[in-house]
Amino acid sequence: MNQEPRDQPSATRANLSQPAHALTAESVLNQQDVHPDEGLSAEEVTERHEKFGRNQLPSAPRPSSLKRLLLQFDNLLIYVLIGAAVMTAALQHWVDTIVILAVVVVNAIIGFVQEGKAESALAAIRDMLSPTTSVIRDGQRIEIDSADLVPGDIVVLEAGDRVAADLRLFEARGAKIDESPLTGESVPVEKTTAAVTADAPLAERTCIAHSGTMLTAGYCRGVVVATGCQSELGRISGMIAEVEAVETPLLSQMRQFAKVLTIVILGIGAVLLLLGLAYSDYPVSELFMMLVGLSVAAIPEGLPAILTVTLAIGVQSMARRNAIVRRLPAIEALGSVSVICSDKTGTLTRNEMTVRDVITPKGEYRVSGEGYTPHGGFSKADHDISTSEHQDLLQLARGALLCNDADAWLAEGEWRHTGDPMEAALLAMAGKAGFDPKSERRQYPRNDAIPFDATHKFMATLHHDHMGSSIVFMKGAPEVVIDRCAACYGENEETPLDKAHWHEAAEKLAASGRRVLALACKPRTESGPLSFDELDEGLSLLGLVGLIDPPREEAITAVALCQQAGIRVKMITGDHAATAAAIGQQLGLKATSQVLSGKDIEAMDDQALASQLARVDVFARTSPEHKLRLVRALQAQGEVVAMTGDGVNDAPALKRADIGIAMGGKGTEAAKDASEIVLADDNFATIAAAVEAGRTVYDNLKKAIVFLLPVNGGESLTLIAALALGITPPITPVQLLWVNMVSSVVLAMTLAFERTEPETMRRPPRPASEPIISRFILWRVGFVSLLFMLGIFGNFTLAQQNGASIEEARTMAVNTLIAMEIFYLFAVRFLHGRSLSLRGALGTKPVLIAIGVVLSLQAMFTYAPFMEAFFHTAALSLRELGYITLTGVGVLLILEAEKGLLKRFMR
C-alpha cells in the first residue's frame, strides 16, 4: 500500500477535503499515514495524544449545593420579605424579624429539597464508550484503554464489541452494527467498506462505525478518523451542552406575577409612606411597622410551598401511572402542550420486528401477533386459516426457522432473543405456524452454512433429515434470491419463474413500509460442503416475508386521545420514509400523505420549513440537528412542544423542548438525563395520562391562587384603610404571618387534591401566553378582598364598641379572617358550580382534615397562654365566636349569589 511521507502531518476528519465516508478506505489510510497490518508506532501514538488529547467527552458542569441553596432566595417576593425583616430588626422588633426570616428560610429549604438532581446528559453519554478496545500497534494486536485511542489507530471489532471512536472500515465480514441510539434504525445496519456520497445521511454511512454503537454480528476492522468531541457522539454531546433549556410556562408566569406584585406592593408602600409622613400623626417607627405589615399582608408567602406541594402531588400521581417526573414544573407544563414530537422506534412502536405479510406462490397471507412471542396465527382473504392445510406456508416457515442463527426463549413471562431481530421475528413466525425450533433443528440438523455477508446479501444453510435426503435453504435480499431461482416451490420446474411479478411484489411490500426478505430452497443430492456455485441454479422460490416494527396498540389509542384534546402528534424518526409513512397511517396521524426527509429539511430555509409544519406530521431520515431544528421551528410558531425519544440522537431535542419525555426501559441514559419526564413503561399512552394530570395540576393551582390572593388582598386593604383613616390596624404584621403561613397554607393545600374535572381532556390546550391571572380572577380577587376587609373591620370595630381590649379586638379580627377563609374554601372548590350542595358541604377528606387542623391551631392561638407572648392574643367568648361564624357564613352566601349573577350575565 502506498504511504505518504512520515513527516507529513496526520489528518483528521476536520482537515480532510471530503468526509471519511466519501473517500475510499485506501485514501483514508494514506491520509492517516498508517498501514492496516502494522498500526501506529509508540512514538506516533505519543505525538497524536499531545495533538488530539484523550478520547473522552467533557464533563457537564454541576452547580454546588451551596449555589443551589442560594438560588432558592433569588425571588423578588423573597427580597421584599428580607427587606421587611431588615426594617423590623432596625426598629428592634425582634419577634417580627425572627418570624419573617423563619418564613423565608422554610421556603428556601422546601425548594432546595424538592429540586431534582442537576442535568448529567454528557456524563451519561461518556458511559456509552467502551472501557477497552482491541487495536493493532507496532504490528501487534493489544487491548488498550479506549480513552487512549487516537486518530490513525487500527481497531479490530468482533460481535458484542462497543465502538469507542468513529472508524472508517476497510474490512467487514458479515458486520452488522446497532446504531439505534444514534439514528433510530429499528434493526442493525449492514456495514461495508465501499465509500458513499458526501451528503449521505448518518443512517446511510455504511462504511463508518460510529462511537457509542455496538457490533451485533460479524467482524470488521477500521481506522480511527475521529475521537472525543470530534466524533459523531461528541458532536451530539456538544449540541446538548449548547442547547438552552426552555423555561416552563408556569415558571415564566409565576416570575412575571412576582414582578408585577412586587412593583405594586412597593409602589403602594411608597405612596402611603409619603402620605403618612405628610398628613398623619403616626410616629415614624409605627409608620414603618405598618408598611412592614403591608408587605407581609400583600405577599402570599405560602404560594411557593403550595406550588411545590401541588406539583409534588401531581408527580406522585404520575409515578403511579409509570411516569417519573424529574423536575417538578414539568408536570404542569404538560397541561399547555400543543404539539408532541415523538420518535418512532421504541416509543410509538414496540422496537420489536414482526412478520406481518407472507406471499407464496399460492397466495398472500397476513400474520397476527406481536413481537417475538410465537403466539398468533395466519389469515388469507380476511379468513383465519390452519397452516396444516397449506404446505406452501409450512415449507416457507420451516426454511425461515432453519436458515436462521437467532434463538428465542421465555423468561419471567417475556420472550427474549439473541441474534438479529429480523431472524428472531422469523422464529416467532415459525412458532405461529406450529413449529418448535428445538425439535425442528434436531430433525433437520445443519451440515454447513454460508453466513450472510453484505457483498452477496444472502444466507444459505444445508440440512439433512436422517433419511438420506438433504436440502438447502436460502434467505436474503429479494433482488438477489429471486434472480437465482428458476421456479416456484410446488410448481412444475418447467414453468419458468415470473421474476418481474415477484420483483413487483417485493417493491409493493417495501413501499408499504415493510422490510422484505425472500426465501428459497433446493434439494441436494451431492455430498460435501456448500458452495456458492451450486446456488446459482436449481433454486425454488418459497416466497416473500414482510417485516415491520409495528405500532403499539395503546399508542394508537393515545394518539387519538391527544388529538381529541387538541394536541397535534408529529413523528420524527431516523427510519426510512416509506416505513415512517406506513406507521404514521396506522397510528392515525392526521397528515401522512407527505413525508419530509432530512435532506428536504436541509434544503428549506426557516420560513419554508414553518410553512410545511402544518401540513406534515411525519419526518424521516432525520439527524439530531433536524430534530432540534423542528422543535425550535414549532416553538417559534408559539407551540408548546413535548418531545419524546430514547436515543442519544434525541437528547438535544429533548433538552430544547418545553417538555422532554424519555423512555425509561429501552432508553439511553443520555436521553433520560436530558428529559424532564421518564416513562418507566416506555408507553406512549402514558403521555396522554400525563397531559391529563398536568391539566389537573394547573386547574388546582389556579384554585389555590384564587383562594390565596383575596386573603392577602383583604389583609392589605385592611391595613391601607387603617392608615388612611388614621386608626389602629386591626391585625399586626406577626399575626398576619400566622394567618398566611398556618391557616392559609394548610387550607390552600387541600385544593391540590381536587379531582380531575370531566371535560379536562375535551378542551384545547391552554395557550402558553395566557396569563395565570385572568380577568375573572382579577374580579374575584378584588370582590373577595373587599368582603374580607369589611368582615375584619366590622368585627374589630364591634369588639371595641363592646368594650374589648385592643388584644381581644385583634384576636377577634384574626379569627374572623380565619372563619372567612374556611367558608371561602368551600366556595372556591367550585368556581362556577354551586357550593351549597351535599357534595359541596361534605367536601373531600383533605378539606375536612385541614379544617380540623386549622380550628385546633386557632384554638391554641386564641386560648394558649404562651401564644400571648408571641402574638398578643386574648381569649374570646362564645358570643364573639358566634359573630365570627356568622361572618364566614355571610361570605359564602354572598359568593353563591355572585356566581348566579355572573352565570346569568355571561349568558
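Residues numbered from 1 in each chain as written. Predicted model: local features only at pLDDT ≥ 70, side-chain atom pairs only at ≥ 80, totals over all residues. Heavy atoms only, no water.

Colleague: Sorry, what's going on with the overall build of the protein chain here?
Modeller: Secondary structure summary: the protein chain contains 33 helices and 27 strands in total. Out of the 907 residues belonging to the protein chain, those deemed buried represent 57%. Considering only contacts within the protein chain whose residues lie at least 6 apart along the sequence, 72% involve residues at least 24 apart. Of the accessible surface of the protein chain, which amounts to about 37,500 Å², a share of 57% is contributed by carbon and sulfur atoms. (Helix = DSSP H or I, 4+ residues; strand = E, 2+ residues; numbered from the N terminus. Buried < 20%, exposed > 50% of the residue type's maximum accessible area, 1.4 Å probe, protein only. Contact = heavy atoms within 4.5 Å. Areas by Shrake-Rupley, 256 points an atom, 1.4 Å probe, with all protein chains shown as cover.)

Colleague: Can you help me understand the pattern of salt bridges in this one?
Modeller: A side chain with one charge may pair with a side chain of the opposite charge, provided their charged atoms come close. Here the structure, examined in full by the defined rule, presents 31 salt bridges. With a closest N to O distance of 2.9 Å, Asp357 and Arg366 form a salt bridge. For Glu534, the salt bridge identified is with Arg524, shortest N-O distance 2.8 Å. With Glu534 in the loop between strand E20 (515-524) and strand E21 (539-548) and Arg524 in strand E20, this residue pair connects regions lying 10 residues apart in the sequence. (Salt bridge = Lys/Arg side-chain N within 4 Å of Asp/Glu carboxyl O.)

Colleague: Looking at this structure, how should I read the sheet that holds strand E9 (residues 339-342)?
Modeller: One open sheet holds the 8 strands; their spatial order is E8-E27-E26-E25-E9-E22-E24-E23, and the pairing between them is mixed. The outermost strands of the open sheet, each flanked by one partner alone, are strand E8 (323-325) and strand E23 (595-597). Taken pair by pair, the neighbouring strands of this sheet meet at an average axis angle of 20 degrees, ignoring direction. In terms of strand pairing, strand E22 (residues 568-572) meets strand E24 (residues 618-620) through 2 bridges, oriented parallel. Looking at the pairing, Ile572 lines up with Phe619 of E24. Each of E22, E23 and E24 is contacted by helix H20 (residues 577-587), which is oriented at about 155 degrees to E24, the strand it contacts most. (Pairing = 2+ DSSP bridges. Axes fitted to C-alpha atoms, helices over the stretch in contact; angles between N-to-C directions.)

Colleague: How do you make sense of the environment of Lys899 when you look at a structure like this?
Modeller: Within the element layout of this structure, Lys899 appears in helix H33 (residues 878-906). As for Lys899 and Ala827, which are separated by 72 residues in sequence, their C-alpha atoms are 9.5 Å apart.

Colleague: Is there a simple way to think about the environment of Asp465 in this case?
Modeller: If you trace the backbone, Asp465 turns up in the loop between strand E17 (458-464) and strand E18 (470-476). We classify Asp465 as buried; its relative accessible area is 16%. If we ignore the near neighbours within four places in the chain, the residues touching Asp465 are Gln443 and Tyr444. At 3.0 Å, the side chain of Asp465 forms a polar contact with the backbone nitrogen of Met467. (Polar contact = N/O pair within 3.5 Å; in protein donor to acceptor, adjacent residues only side chain to side chain.)

Colleague: Sorry, what's going on with the pairing of E21 here?
Modeller: One face of the sheet, then the other: side chains in a regular strand alternate in exactly this way. Among the 10 residues that make up E21, 10 are buried, leaving the element largely enclosed by the rest of the structure. The sheet contact formed by strand E10 (residues 354-360) and E21 spans 5 bridges and is antiparallel. Counterpart to Ile359 in the pairing with E21 is Leu544. Two strands pair when backbone bridges link them, and strand E19 (residues 485-488) and E21 are joined in this way by 3 bridges, in the parallel orientation. Across the sheet, residue Cys488 finds its bridge partner in E21, namely Leu541. Inspection of the sheet shows E20 paired to E21 by 7 bridges, in the antiparallel sense. Across the sheet, residue Ala520 finds its bridge partner in E21, namely Leu541.

Colleague: Can you help me understand the nonpolar core in this one?
Modeller: Within soluble globular proteins, side chains that are nonpolar tend to cluster in buried spots. Grouped together as the largest cluster of nonpolar side chains are 106 residues, with contacts concentrated most on Ile331, Leu334, Ile659, Ile677, Phe684, Phe707 and Tyr824. For this core, the element with the most residues is helix H26 (residues 685-725), which contributes 16 residues. Not counting the four nearest positions on each side in its chain, Ile659 is found in contact with Ala330, Ala333, Leu334, Val337, Val641, Ala642, Met643, Glu676 and Ile677. Grouped together as the second largest cluster of nonpolar side chains are 36 residues, Leu401, Ala425, Met429 and Leu542 included. (Core = buried A, V, L, I, M, F, W, Y, C linked by side-chain atoms within 4.5 Å.)

Colleague: Would you explain the packing of aromatic side chains in this entry?
Modeller: Both the distance between ring centres and the angle between the ring planes are used here to describe each pair of aromatic rings. Taken as a whole, this structure holds 7 aromatic pairs when the rule is applied. Judged by centre distance (5.1 Å) and plane angle (10 degrees), the ring pair of Trp779 and Phe783 falls under stacked. Taken together, the residues span about one helical turn, with Trp779 and Phe783 both in helix H28 (residues 775-801) at a distance of 4 residues. Look at Trp779 and you get partly exposed, because its relative accessible area is 41%. Three or more aromatic residues joined by ring pairs make a cluster, and in this case those are Phe707, Phe788 and Tyr824. Directly above the aromatic system of Phe452 lies the positively charged group of Lys176, at a separation of 4.8 Å from the ring centroid. (Phe/Tyr/Trp six-rings, centres within 6.5 Å; stacked < 30°, edge-to-face > 60°. Lys NZ or Arg CZ within 6 Å of the ring centre and 35° of its normal.)

Colleague: What am I meant to see in the confidence of the model for the protein chain here?
Modeller: Note that predicted coordinates carrying low pLDDT should not be read in detail. Looking at the protein chain, the pLDDT average stands at 83 and 86% of residues meet or exceed 70. Confidence drops under pLDDT 50 across residues 114-130; counting only partners more than four residues distant or on other chains, this segment forms 56 contacts. (pLDDT = per-residue confidence, 0-100.)

Colleague: When you look at unusual backbone geometry in this model, what are you seeing that I'm missing?
Modeller: Excluding glycine, residues mostly have negative phi values, and the peptide bonds linking residues are mostly trans. Here Ala381, not a glycine, exhibits a phi torsion of approximately 55 degrees, which is positive. Structurally, Ala381 is set in the loop between strand E12 (378-380) and strand E13 (383-385). A positive phi angle, near 70 degrees, is found at His466, a position not held by glycine. We classify His466 as exposed; its relative accessible area is 55%.

Colleague: Sorry, what's going on with the side chain of Asp343 here?
Modeller: If you trace the backbone, Asp343 turns up in the loop between E9 and helix H13 (344-348). What Asp343 contacts, discounting residues up to four positions off in sequence, is Leu348, Ile572, Thr573, Lys627, Thr644, Gly645, Asp646 and Asp650.

Colleague: Please explain the packing of H28 against helix H29 (residues 806-828) as it appears in this structure.
Modeller: To describe two helices that pack against each other, one gives the angle between their axes and the distance between the axes. Remark: H28 packs on H29, axes separated minimally by 8 Å, with the N-to-C direction vectors making an angle of 145 degrees. Every pair of crossing elements has a handedness; the one defined by H28 and H29 is right-handed. Each of Arg780, Val784, Leu787, Phe788, Gly791, Ile792, Asn795, Phe796, Ala799 and Gln800 in H28 lies in contact with H29, whose residues at this interface are Ile806, Ala809, Arg810, Met812, Ala813, Thr816, Leu817, Met820, Glu821 and Tyr824. Among the residues forming the contact of H28 with H29, the class breakdown is 13 nonpolar, 4 polar and 3 charged. (Left-handed = near helix turned anticlockwise from the far one by under 90°. Nonpolar A, V, L, I, M, F, W, Y, C, P; charged D, E, K, R; others polar.)

Colleague: How should the pairing of strand E2 (residues 140-145) be read in this particular structure?
Modeller: Bridging between strand E1 (residues 132-137) and E2 involves 6 bridges; their strand directions are antiparallel. In the strand pairing of E2, Ser134 is matched with Glu143. Turn length for the E1-E2 hairpin, with the two strands adjacent in sequence and antiparallel, is 2 residues, and the turn residue Asp138 shows positive phi of about 55 degrees.

Colleague: Even after reading the chapter, I still don't get the packing of helix H27 (residues 733-749) against helix H31 (residues 845-863), so can you show me in this structure?
Modeller: At a closest axis distance of 8 Å, the pairing of H27 and H31 adopts a crossing angle of 160 degrees. Considering their axes alone, H27 and H31 lie roughly antiparallel with respect to each other. For the pair H27 and H31, the sense of crossing is right-handed. Here H27 contributes Gln735, Trp738, Val742, Ser743, Val746 and Leu747 to the contact with H31, which in turn contributes Ala850, Ile851, Val854, Leu857, Gln858, Met860 and Phe861. Looking at the contact of H27 with H31, its residues break down into 10 nonpolar, 3 polar and no charged. (Parallel < 35°, antiparallel > 145°, perpendicular 65-115°, else oblique.)

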